[in-house]
Amino acid sequence: NHFRKELLSLYKVQKNKEKLLEINKVLFSEGVDQIVCYAAIKKLTPPLAWPVVLTWVLDQLTKRGTYGSQDLQASILVEHSMWEALWAHCQKVGVLFVHKYETYLRPRFGEAVLAYYHLYVQQQATLSDRGAYRRVADTLNWMIAFDGGPALVRELVVHYRKTYARRPFMMQALNEVKAV
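What you are looking at is a predicted structure, and each value in this text was computed from that prediction instead of being measured.

A.B. asks: Break down the layout of surface pockets for me, with residues and values.
C.D. replies: What the largest pocket holds in volume is close to 230 Å³. The wall of the largest pocket is formed by 13 residues, among which Leu8, Lys12, Leu20, Asn24 and Ala40 lie closest to the centre. For the lining of the largest pocket, the elements supplying multiple residues, two or more each, are helix H1 (2–14), helix H2 (17–29) and helix H3 (34–44). If you tally residues by element for the lining of the largest pocket, the top one is H3, at five residues.

A.B. asks: Give a description of the environment of Glu84 that names residues and reports values.
C.D. replies: For Glu84, the position within the fold is in helix H6 (residues 83–93). What makes Glu84 exposed here is its relative accessible area of 58%. Residues Glu84 and Arg108 lie 24 residues apart in sequence; the distance between their C-alpha atoms is 8.9 Å.

A.B. asks: Explain the pattern of salt bridges to me, and be specific about the residues and the numbers.
C.D. replies: Taken as a whole and judged by the stated rule, the model has six salt bridges. Lys100 is the partner of Asp71 in a salt bridge, and the nearest nitrogen-oxygen pair spans 2.8 Å. In this pair, Asp71 sits in helix H5 (residues 67–79) while Lys100 sits in helix H7 (residues 95–100), placing the two residues 29 residues apart along the sequence. Classification of Asp71 by relative accessible area gives partly exposed; the value is 21%. Overall, Lys100 belongs to the partly exposed group, its relative accessible area being 42%.

A.B. asks: Outline the nonpolar core, listing residues and values.
C.D. replies: Counting 58 residues, the largest nonpolar core has Leu86, Leu105, Tyr117, Leu140, Met143 and Leu174 as its most contacted members. In terms of residue count, helix H8 (residues 102–125) provides more of this core than any other element does, nine residues in total. Residues contacting Met143, with those up to four places away along its chain left out, are Leu114, Tyr117, His118, Val121, Gly149, Leu152, Val153 and Leu156.

A.B. asks: Could you give an account of the packing of H8 against helix H9 (residues 130–143), naming the residues involved and the relevant values?
C.D. replies: Between H8 and H9, the shortest axis-to-axis distance is 9 Å and the interhelical angle comes to 150 degrees. The pairing of H8 with H9 is recorded here as roughly antiparallel in orientation. Relative to H9, H8 is oriented so that their crossing is left-handed. Across the interface between the two elements, Glu102, Leu114, Tyr117, His118, Tyr120, Val121, Gln124 and Ala125 of H8 pack against Ala132, Arg135, Val136, Thr139, Leu140, Trp142 and Met143 of H9. Across the contact of H8 with H9, the residue classes break down as ten nonpolar, three polar and two charged.

Cut-off values and rules
Residues numbered from 1 in each chain as written. Predicted model: local features only at pLDDT ≥ 70, side-chain atom pairs only at ≥ 80, totals over all residues. Heavy atoms only, no water. 1 Å grid on protein atoms, 1.4 Å probe; cavity = no way out; pocket = protein on both sides within 12 Å on 5 of 7 lines; lining within 4 Å. Points joined across faces, edges and corners; volume = space filled by probe spheres on them. Helix = DSSP H or I, 4+ residues; strand = E, 2+ residues; numbered from the N terminus. Buried < 20%, exposed > 50% of the residue type's maximum accessible area, 1.4 Å probe, protein only. Salt bridge = Lys/Arg side-chain N within 4 Å of Asp/Glu carboxyl O. Core = buried A, V, L, I, M, F, W, Y, C linked by side-chain atoms within 4.5 Å. Contact = heavy atoms within 4.5 Å. Axes fitted to C-alpha atoms, helices over the stretch in contact; angles between N-to-C directions. Parallel < 35°, antiparallel > 145°, perpendicular 65-115°, else oblique. Left-handed = near helix turned anticlockwise from the far one by under 90°. Nonpolar A, V, L, I, M, F, W, Y, C, P; charged D, E, K, R; others polar.

Here's what the structure looks like:
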């Protein structure tokens, strides 16, 4: 990596765009300063070649699969208005990613996002730990903002109060749900 960064500096001084693009792609694929490398790749790639390079960038991020790569991938999908791919990516990564990118997802996939949250709440409610109860309450509060959300949340809260009445920490978490 150190050697490649030295090459990068040398190519910058030489203003060798072809080599700069090449070394940025190598560093990007190795996970080194991916945000910086992405910006350089985008700047150095000719517009006609960009769609192919964008596909390569997204493939590289999918292969890496690290948290930072996942966030960068989502940002790139937003940048290029690739909503279907963003929705699929967020579902794969998890509920916190769905929530993080909900602003972009809700207008296009509102019912699907609500259903995703509903399934998640049902799964978390079956667990018996405080963290799961907190996640249930947080997610129920997120669900309120959707069309049909308040009624669904009220229904779920009533159901959980009956089903999990012997779990005092669940009852405490449900008290923090705003739709009730």
